Amino acid sequence: TVLRQQLHALTEEEFRAHVRGAIGMRSQKPSTLASQTAELWSEIHLQRYQFDRKEQEVVALAGLTRRQFLDFFERLVAGPAGRAAGGWWSMGAVTV
């Protein structure tokens, strides 16, 4: 419940600051040709072929609201679906 409390306690300003940080991280260009190559080959290996994935994620993050994020957390992380998925949060590493 600690993580849940912390997320619900986030103000809109704090949430937007975290979103801006995530956008900044996802907007960074690969620092080396090797890292860019790894990103592209990852798309090919996983048969996703979304070579503009980072740009799509930035657009999605920019439109994300605090309410949408909290709903996602409650439904897919803290709720039964998250525990059933056997994620790290359901193994006692983090109490949600």
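Bear in mind that the values here come from a model prediction, so they are computed numbers and not experimental data. (Residues numbered from 1 in each chain as written. Predicted model: local features only at pLDDT ≥ 70, side-chain atom pairs only at ≥ 80, totals over all residues. Heavy atoms only, no water.)

A. Just the layout of surface pockets, in detail. A volume near 360 Å³ is recorded for the largest pocket. Lining the largest pocket are 18 residues, and of these E39, F51, R53, K54 and E55 lie nearest its centre. Split by residue class, the lining of the largest pocket holds 4 nonpolar, 5 polar and 9 charged. (1 Å grid on protein atoms, 1.4 Å probe; cavity = no way out; pocket = protein on both sides within 12 Å on 5 of 7 lines; lining within 4 Å. Points joined across faces, edges and corners; volume = space filled by probe spheres on them. Nonpolar A, V, L, I, M, F, W, Y, C, P; charged D, E, K, R; others polar.)

B. View of the side chain of K54. Mapped onto the secondary structure, K54 falls in helix α4 (residues 53-63). Given a relative accessible area of 17%, K54 falls into the buried group. Those residues in contact with K54, other than ones at most four positions away along the chain, are R26, Q28 and E39. (Helix = DSSP H or I, 4+ residues; strand = E, 2+ residues; numbered from the N terminus. Buried < 20%, exposed > 50% of the residue type's maximum accessible area, 1.4 Å probe, protein only. Contact = heavy atoms within 4.5 Å.)

C. Highlighting a nonpolar patch on the surface. On the surface, L40, W41, I44, Y49 and F51 cluster together into a nonpolar patch covering about 520 Å² of accessible area. Position of I44 relative to the elements: it lies in helix α3 (residues 33-45). (Patch = residues over 30% accessible without salt bridge, like charges linked within 9 Å, V, L, I, M, F, W, Y side chains within 5 Å. Areas by Shrake-Rupley, 256 points an atom, 1.4 Å probe, with all protein chains shown as cover. Salt bridge = Lys/Arg side-chain N within 4 Å of Asp/Glu carboxyl O.)

D. Expanded view of the pattern of salt bridges. On inspection of all chains with the given rule, the structure shows 5 salt bridges. Close ionic contact of E39 with K54 constitutes a salt bridge, the shortest N to O distance being 3.0 Å. Note that E39 is positioned in helix α3 and K54 in helix α4, a separation of 15 residues in sequence. E39 sits in the partly exposed class, given a relative accessible area of 33%. Put simply, R53 and E43 hold a salt bridge, and the shortest N to O gap is 2.5 Å. Separated by 10 residues along the polypeptide, R53 in helix α4 and E43 in helix α3 bring together distant segments of the chain. Looking at E43, the relative accessible area reads 8%, which means it is buried.

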